[in-house]
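Chains, contacts and geometry: an overview
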Amino acid sequence: VLENIELETNLDCRDSNLVGLKIGADNVIIDLNGYTIAGNEVAPAAIFGTGYSGIKIENGAIYGFQTGVYLRNARDISIEHIVLGHQPNDAIAIAQCRDVRIEDIQISQRYEAGDQESTGVIIFEAEDVKVEKVTAEGSFYGLKSEGSRSITVKDNSFNRIAHVGVRVVNTHDALVENNRVAGTGMFDCYSAVDVVDPGPSTRIKIQDNVLTECSHGVFAVDNPPGSPTKRISIRNNRIRMTIDAIVLMGLQDSEVVANRVHFNGAGISLWGYATNNRIIGNFATGNVSFDLFHDETSAPNTWMNNTCVLTNGMEDIDCP
(Lines give C-alpha, C1' and ligand atoms only; values in the text may rest on other atoms or scores of the structure.)
Protein backbone atom coordinates (compact mmCIF):
# COMPACT_ATOMS: atom_id res chain seq x y z
CA VAL A 1 0.00 0.00 0.00
CA LEU A 2 1.70 3.17 -1.26
CA GLU A 3 -1.25 5.56 -1.19
CA ASN A 4 -4.76 5.87 0.28
CA ILE A 5 -7.01 2.94 -0.58
CA GLU A 6 -10.71 2.18 -0.18
CA LEU A 7 -11.85 -1.40 -0.63
CA GLU A 8 -14.59 -2.00 -3.17
CA THR A 9 -15.10 -5.67 -2.33
CA ASN A 10 -14.09 -8.28 0.23
CA LEU A 11 -10.46 -9.38 0.14
CA ASP A 12 -10.20 -13.17 0.36
CA CYS A 13 -6.71 -14.35 1.33
CA ARG A 14 -7.64 -17.75 2.73
CA ASP A 15 -5.63 -19.64 0.10
CA SER A 16 -2.47 -17.64 0.86
CA ASN A 17 -0.01 -17.83 3.74
CA LEU A 18 1.16 -14.25 3.13
CA VAL A 19 0.30 -10.84 4.58
CA GLY A 20 -2.98 -9.42 3.28
CA LEU A 21 -1.98 -5.74 2.93
CA LYS A 22 1.59 -4.51 3.49
CA ILE A 23 2.09 -0.80 4.19
CA GLY A 24 4.90 0.68 2.08
CA ALA A 25 4.64 4.45 2.59
CA ASP A 26 3.95 7.14 5.16
CA ASN A 27 0.61 8.93 5.51
CA VAL A 28 -1.77 6.39 4.03
CA ILE A 29 -5.40 5.65 4.91
CA ILE A 30 -6.67 2.09 4.59
CA ASP A 31 -10.46 2.35 4.50
CA LEU A 32 -12.03 -1.09 4.50
CA ASN A 33 -15.29 0.63 3.56
CA GLY A 34 -17.43 -1.95 5.35
CA TYR A 35 -15.75 -4.92 3.67
CA THR A 36 -13.79 -7.85 5.12
CA ILE A 37 -10.23 -9.10 4.82
CA ALA A 38 -10.34 -12.87 5.39
CA GLY A 39 -7.35 -15.13 5.86
CA ASN A 40 -6.40 -18.49 7.27
CA GLU A 41 -4.87 -18.78 10.73
CA VAL A 42 -1.38 -19.46 9.37
CA ALA A 43 -0.80 -16.22 7.43
CA PRO A 44 1.10 -13.72 9.61
CA ALA A 45 -1.12 -10.60 9.45
CA ALA A 46 -4.03 -9.05 7.60
CA ILE A 47 -2.41 -5.59 7.70
CA PHE A 48 1.32 -5.22 8.40
CA GLY A 49 3.56 -2.16 8.57
CA THR A 50 6.98 -1.38 9.97
CA GLY A 51 8.76 1.95 9.83
CA TYR A 52 5.92 3.93 8.23
CA SER A 53 4.04 6.65 10.12
CA GLY A 54 0.81 8.60 9.73
CA ILE A 55 -1.25 5.43 9.20
CA LYS A 56 -5.03 5.20 9.58
CA ILE A 57 -6.94 1.91 9.40
CA GLU A 58 -10.73 2.03 9.64
CA ASN A 59 -14.25 0.82 8.88
CA GLY A 60 -14.38 -2.91 8.28
CA ALA A 61 -13.68 -6.44 9.46
CA ILE A 62 -10.70 -8.78 9.67
CA TYR A 63 -11.04 -12.53 10.17
CA GLY A 64 -8.34 -15.16 10.44
CA PHE A 65 -4.57 -14.54 10.17
CA GLN A 66 -2.18 -15.06 13.07
CA THR A 67 -2.48 -11.34 13.86
CA GLY A 68 -5.10 -8.93 12.59
CA VAL A 69 -3.15 -5.64 12.53
CA TYR A 70 0.58 -5.51 13.30
CA LEU A 71 2.36 -2.13 13.26
CA ARG A 72 5.93 -1.52 14.37
CA ASN A 73 8.43 1.32 14.66
CA ALA A 74 6.04 4.09 13.63
CA ARG A 75 4.15 7.08 14.99
CA ASP A 76 0.80 8.82 14.51
CA ILE A 77 -1.32 5.67 14.19
CA SER A 78 -5.12 5.42 14.24
CA ILE A 79 -7.10 2.15 14.22
CA GLU A 80 -10.86 2.71 14.46
CA HIS A 81 -14.19 1.00 13.80
CA ILE A 82 -12.81 -2.48 13.10
CA VAL A 83 -14.25 -5.92 13.89
CA LEU A 84 -11.64 -8.66 14.36
CA GLY A 85 -12.11 -12.36 14.93
CA HIS A 86 -10.34 -15.73 15.08
CA GLN A 87 -6.77 -14.48 15.46
CA PRO A 88 -4.91 -17.20 17.43
CA ASN A 89 -2.07 -14.78 18.27
CA ASP A 90 -2.98 -11.06 18.61
CA ALA A 91 -5.93 -9.17 17.19
CA ILE A 92 -3.96 -5.87 17.29
CA ALA A 93 -0.22 -5.68 17.97
CA ILE A 94 1.63 -2.37 18.43
CA ALA A 95 5.40 -2.48 18.92
CA GLN A 96 7.83 0.42 19.38
CA CYS A 97 5.30 2.96 18.17
CA ARG A 98 4.33 6.41 19.42
CA ASP A 99 1.11 8.45 19.33
CA VAL A 100 -1.33 5.59 18.80
CA ARG A 101 -5.13 5.64 19.08
CA ILE A 102 -7.17 2.44 19.08
CA GLU A 103 -10.91 3.08 19.39
CA ASP A 104 -14.28 1.41 18.76
CA ILE A 105 -12.93 -2.08 18.16
CA GLN A 106 -14.74 -5.42 18.53
CA ILE A 107 -12.61 -8.51 19.05
CA SER A 108 -13.74 -12.13 19.24
CA GLN A 109 -11.25 -14.90 20.00
CA ARG A 110 -11.75 -18.47 21.14
CA TYR A 111 -8.97 -19.45 23.50
CA GLU A 112 -9.07 -23.03 24.75
CA ALA A 113 -6.65 -24.88 27.02
CA GLY A 114 -3.55 -25.84 25.05
CA ASP A 115 -3.88 -23.01 22.50
CA GLN A 116 -1.24 -20.33 22.11
CA GLU A 117 -1.85 -17.23 24.21
CA SER A 118 -4.25 -15.08 22.21
CA THR A 119 -4.31 -11.36 23.08
CA GLY A 120 -6.89 -8.76 22.14
CA VAL A 121 -4.51 -5.77 22.10
CA ILE A 122 -0.78 -6.01 22.85
CA ILE A 123 1.39 -2.90 23.30
CA PHE A 124 5.16 -3.45 23.41
CA GLU A 125 7.73 -0.72 24.10
CA ALA A 126 5.33 1.96 22.88
CA GLU A 127 4.56 5.49 24.06
CA ASP A 128 1.46 7.68 24.15
CA VAL A 129 -1.12 4.99 23.39
CA LYS A 130 -4.87 5.30 23.97
CA VAL A 131 -7.11 2.24 23.88
CA GLU A 132 -10.77 3.16 24.27
CA LYS A 133 -14.16 1.55 23.58
CA VAL A 134 -12.72 -1.86 22.78
CA THR A 135 -14.81 -4.98 23.37
CA ALA A 136 -12.77 -8.18 23.52
CA GLU A 137 -14.23 -11.62 24.23
CA GLY A 138 -12.66 -15.04 24.62
CA SER A 139 -9.01 -13.93 24.76
CA PHE A 140 -6.22 -15.27 26.98
CA TYR A 141 -5.21 -11.63 27.63
CA GLY A 142 -7.68 -8.84 26.95
CA LEU A 143 -4.94 -6.21 26.79
CA LYS A 144 -1.24 -6.43 27.62
CA SER A 145 1.22 -3.53 27.89
CA GLU A 146 4.91 -4.30 28.34
CA GLY A 147 7.84 -1.91 28.58
CA SER A 148 5.68 1.05 27.56
CA ARG A 149 5.01 4.60 28.73
CA SER A 150 1.94 6.87 28.90
CA ILE A 151 -0.78 4.30 28.26
CA THR A 152 -4.52 4.93 28.64
CA VAL A 153 -6.91 1.97 28.80
CA LYS A 154 -10.38 3.44 29.23
CA ASP A 155 -14.05 2.57 28.67
CA ASN A 156 -13.35 -0.97 27.45
CA SER A 157 -15.07 -4.29 28.04
CA PHE A 158 -13.08 -7.53 28.35
CA ASN A 159 -15.32 -10.57 28.71
CA ARG A 160 -14.80 -14.32 29.12
CA ILE A 161 -11.09 -13.70 29.66
CA ALA A 162 -9.13 -16.91 30.23
CA HIS A 163 -6.08 -15.48 32.06
CA VAL A 164 -5.74 -11.69 32.58
CA GLY A 165 -8.06 -8.88 31.52
CA VAL A 166 -5.53 -6.01 31.63
CA ARG A 167 -1.86 -6.76 32.31
CA VAL A 168 0.60 -3.88 32.83
CA VAL A 169 4.24 -5.04 32.87
CA ASN A 170 7.16 -2.67 33.47
CA THR A 171 5.01 0.20 32.23
CA HIS A 172 5.23 3.81 33.41
CA ASP A 173 2.41 6.35 33.56
CA ALA A 174 -0.59 4.13 32.91
CA LEU A 175 -4.29 4.84 33.43
CA VAL A 176 -6.70 1.89 33.62
CA GLU A 177 -10.12 3.51 34.03
CA ASN A 178 -13.80 2.62 33.71
CA ASN A 179 -13.28 -0.82 32.23
CA ARG A 180 -15.40 -3.90 32.78
CA VAL A 181 -13.53 -7.17 33.11
CA ALA A 182 -15.14 -10.58 33.56
CA GLY A 183 -13.16 -13.78 33.56
CA THR A 184 -14.17 -17.35 32.84
CA GLY A 185 -14.44 -18.13 36.57
CA MET A 186 -12.45 -17.42 39.73
CA PHE A 187 -10.59 -20.72 39.49
CA ASP A 188 -9.71 -20.27 35.80
CA CYS A 189 -8.99 -16.59 35.09
CA TYR A 190 -5.89 -15.46 37.02
CA SER A 191 -6.51 -11.72 37.37
CA ALA A 192 -8.89 -9.07 36.10
CA VAL A 193 -6.15 -6.41 36.31
CA ASP A 194 -2.54 -6.94 37.30
CA VAL A 195 0.57 -4.79 37.55
CA VAL A 196 3.91 -6.58 37.35
CA ASP A 197 7.38 -5.10 38.06
CA PRO A 198 6.32 -1.46 37.73
CA GLY A 199 9.80 -0.05 38.44
CA PRO A 200 10.72 3.00 40.54
CA SER A 201 8.90 6.33 40.27
CA THR A 202 6.02 4.74 38.41
CA ARG A 203 2.58 6.36 38.25
CA ILE A 204 -0.18 3.85 37.59
CA LYS A 205 -3.86 4.54 38.26
CA ILE A 206 -6.44 1.76 38.40
CA GLN A 207 -9.78 3.39 39.01
CA ASP A 208 -13.54 3.12 38.48
CA ASN A 209 -13.39 -0.41 37.06
CA VAL A 210 -15.87 -3.28 37.56
CA LEU A 211 -13.98 -6.55 38.02
CA THR A 212 -15.44 -10.05 38.47
CA GLU A 213 -14.88 -13.79 38.13
CA CYS A 214 -11.10 -14.10 38.35
CA SER A 215 -8.74 -15.37 41.04
CA HIS A 216 -7.67 -11.77 41.69
CA GLY A 217 -9.50 -8.53 41.10
CA VAL A 218 -6.37 -6.35 41.20
CA PHE A 219 -2.98 -8.00 41.74
CA ALA A 220 0.08 -5.71 41.97
CA VAL A 221 3.49 -7.27 42.54
CA ASP A 222 7.05 -5.99 42.51
CA ASN A 223 10.04 -8.30 42.06
CA PRO A 224 12.25 -7.97 43.99
CA PRO A 225 10.05 -6.51 46.74
CA GLY A 226 10.72 -3.25 48.53
CA SER A 227 11.90 -1.04 45.65
CA PRO A 228 11.17 2.63 46.35
CA THR A 229 8.29 4.86 45.28
CA LYS A 230 5.74 2.91 43.31
CA ARG A 231 2.91 5.45 43.32
CA ILE A 232 0.24 2.98 42.29
CA SER A 233 -3.31 4.15 42.96
CA ILE A 234 -6.16 1.62 43.21
CA ARG A 235 -9.25 3.73 43.70
CA ASN A 236 -13.02 3.43 43.50
CA ASN A 237 -13.17 -0.01 41.88
CA ARG A 238 -16.01 -2.48 42.39
CA ILE A 239 -14.82 -6.04 42.83
CA ARG A 240 -16.79 -9.21 43.50
CA MET A 241 -16.69 -12.97 42.90
CA THR A 242 -12.90 -13.31 43.10
CA ILE A 243 -10.65 -15.35 45.41
CA ASP A 244 -8.57 -12.28 46.40
CA ALA A 245 -10.10 -8.90 45.57
CA ILE A 246 -7.00 -6.65 45.91
CA VAL A 247 -3.45 -7.83 46.61
CA LEU A 248 -0.33 -5.67 47.02
CA MET A 249 2.86 -7.71 47.11
CA GLY A 250 6.17 -5.96 47.79
CA LEU A 251 4.87 -2.51 46.81
CA GLN A 252 5.58 0.77 48.60
CA ASP A 253 4.13 4.29 48.62
CA SER A 254 0.87 3.25 46.98
CA GLU A 255 -2.79 3.74 47.86
CA VAL A 256 -5.93 1.61 48.01
CA VAL A 257 -8.81 4.06 48.45
CA ALA A 258 -12.63 3.94 48.30
CA ASN A 259 -12.96 0.54 46.68
CA ARG A 260 -16.06 -1.60 47.14
CA VAL A 261 -15.01 -5.18 47.73
CA HIS A 262 -17.89 -7.57 48.38
CA PHE A 263 -18.55 -11.33 48.26
CA ASN A 264 -15.02 -12.48 47.48
CA GLY A 265 -12.98 -15.23 49.08
CA ALA A 266 -10.80 -12.50 50.64
CA GLY A 267 -10.82 -8.72 50.59
CA ILE A 268 -7.74 -6.44 50.61
CA SER A 269 -4.37 -7.92 51.58
CA LEU A 270 -0.71 -6.84 51.73
CA TRP A 271 2.12 -9.34 51.48
CA GLY A 272 5.89 -9.57 51.10
CA TYR A 273 7.24 -6.30 52.55
CA ALA A 274 4.46 -4.10 51.22
CA THR A 275 5.04 -0.99 53.36
CA ASN A 276 4.25 2.74 53.55
CA ASN A 277 0.96 2.26 51.73
CA ARG A 278 -2.39 3.95 52.46
CA ILE A 279 -5.52 1.80 52.75
CA ILE A 280 -8.31 4.30 53.34
CA GLY A 281 -12.08 4.50 53.03
CA ASN A 282 -12.71 1.09 51.50
CA PHE A 283 -15.94 -0.89 51.90
CA ALA A 284 -14.90 -4.51 52.36
CA THR A 285 -17.73 -6.71 53.58
CA GLY A 286 -19.16 -10.14 52.97
CA ASN A 287 -15.80 -11.68 52.11
CA VAL A 288 -15.30 -15.25 53.32
CA SER A 289 -11.89 -15.44 55.03
CA PHE A 290 -11.15 -11.78 55.81
CA ASP A 291 -11.94 -8.26 54.67
CA LEU A 292 -8.53 -6.71 55.49
CA PHE A 293 -5.19 -8.44 56.08
CA HIS A 294 -1.43 -7.99 56.06
CA ASP A 295 1.37 -10.42 56.82
CA GLU A 296 4.03 -9.78 59.44
CA THR A 297 6.48 -8.26 56.96
CA SER A 298 4.03 -5.68 55.61
CA ALA A 299 4.17 -2.85 58.16
CA PRO A 300 4.00 0.02 58.69
CA ASN A 301 1.06 1.04 56.55
CA THR A 302 -1.81 3.45 57.13
CA TRP A 303 -5.25 1.84 57.60
CA MET A 304 -8.04 4.40 58.12
CA ASN A 305 -11.82 4.72 57.83
CA ASN A 306 -12.40 1.35 56.23
CA THR A 307 -15.76 -0.35 56.63
CA CYS A 308 -15.17 -4.03 57.33
CA VAL A 309 -15.94 -6.92 59.67
CA LEU A 310 -13.13 -9.49 59.53
CA THR A 311 -9.40 -8.79 59.85
CA ASN A 312 -6.38 -10.86 60.75
CA GLY A 313 -6.53 -9.36 64.23
CA MET A 314 -3.56 -7.01 63.94
CA GLU A 315 -4.09 -3.84 65.93
CA ASP A 316 -2.95 -1.46 63.18
CA ILE A 317 -5.96 -2.38 61.02
CA ASP A 318 -9.07 -0.45 61.94
CA CYS A 319 -12.29 -2.32 61.32
CA PRO A 320 -15.23 -0.43 62.80
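Residues numbered from 1 in each chain as written. Predicted model: local features only at pLDDT ≥ 70, side-chain atom pairs only at ≥ 80, totals over all residues. Heavy atoms only, no water.

If you walk across this open sheet you meet the twelve strands as β3-β6-β8-β10-β12-β14-β17-β20-β23-β26-β29-β32, and the pairing is parallel. With one partner strand each, in any of the chains shown, β3 (21–22) and β32 (292–294) form the two edges of the open sheet. Judged from the five bridges that link them, strand β14 (residues 141–146) and strand β17 (residues 164–169) form a sheet pairing that is parallel. Opposite leucine 143, over in β17, you have valine 166 as the bridge partner. (Pairing = 2+ DSSP bridges. Helix = DSSP H or I, 4+ residues; strand = E, 2+ residues; numbered from the N terminus.)

Attention shifts here to the nonpolar core. Residues Ile37, Ile47, Ile62, Ile79 and Ile102 are the most contacted members of the largest nonpolar core, which totals 76 residues. When neighbours within four sequence positions are excluded, isoleucine 102 is seen to be in contact with Ile79, Ile92, Ile94, Val121, Lys130, Val131, Glu132 and Val134. One finds Val169, Phe219, Val221 and Val247 within the second-largest nonpolar core, a separate group that totals five residues. (Core = buried A, V, L, I, M, F, W, Y, C linked by side-chain atoms within 4.5 Å. Buried < 20%, exposed > 50% of the residue type's maximum accessible area, 1.4 Å probe, protein only. Contact = heavy atoms within 4.5 Å.)

A separate point is the packing of aromatic side chains. Taken as a whole and judged by the stated rule, the model has six aromatic pairs. Between tyrosine 190 and phenylalanine 219, the ring centres sit 5.9 Å apart and the planes meet at 75 degrees, which makes this aromatic pair edge-to-face. In this pair, tyrosine 190 is assigned in the loop between β19 (180–183) and β20 (191–196) and phenylalanine 219 in strand β23 (residues 216–221), connecting sequence segments 29 residues apart. The class of tyrosine 190 is partly exposed, set by a relative accessible area of 30%. (Phe/Tyr/Trp six-rings, centres within 6.5 Å; stacked < 30°, edge-to-face > 60°.)

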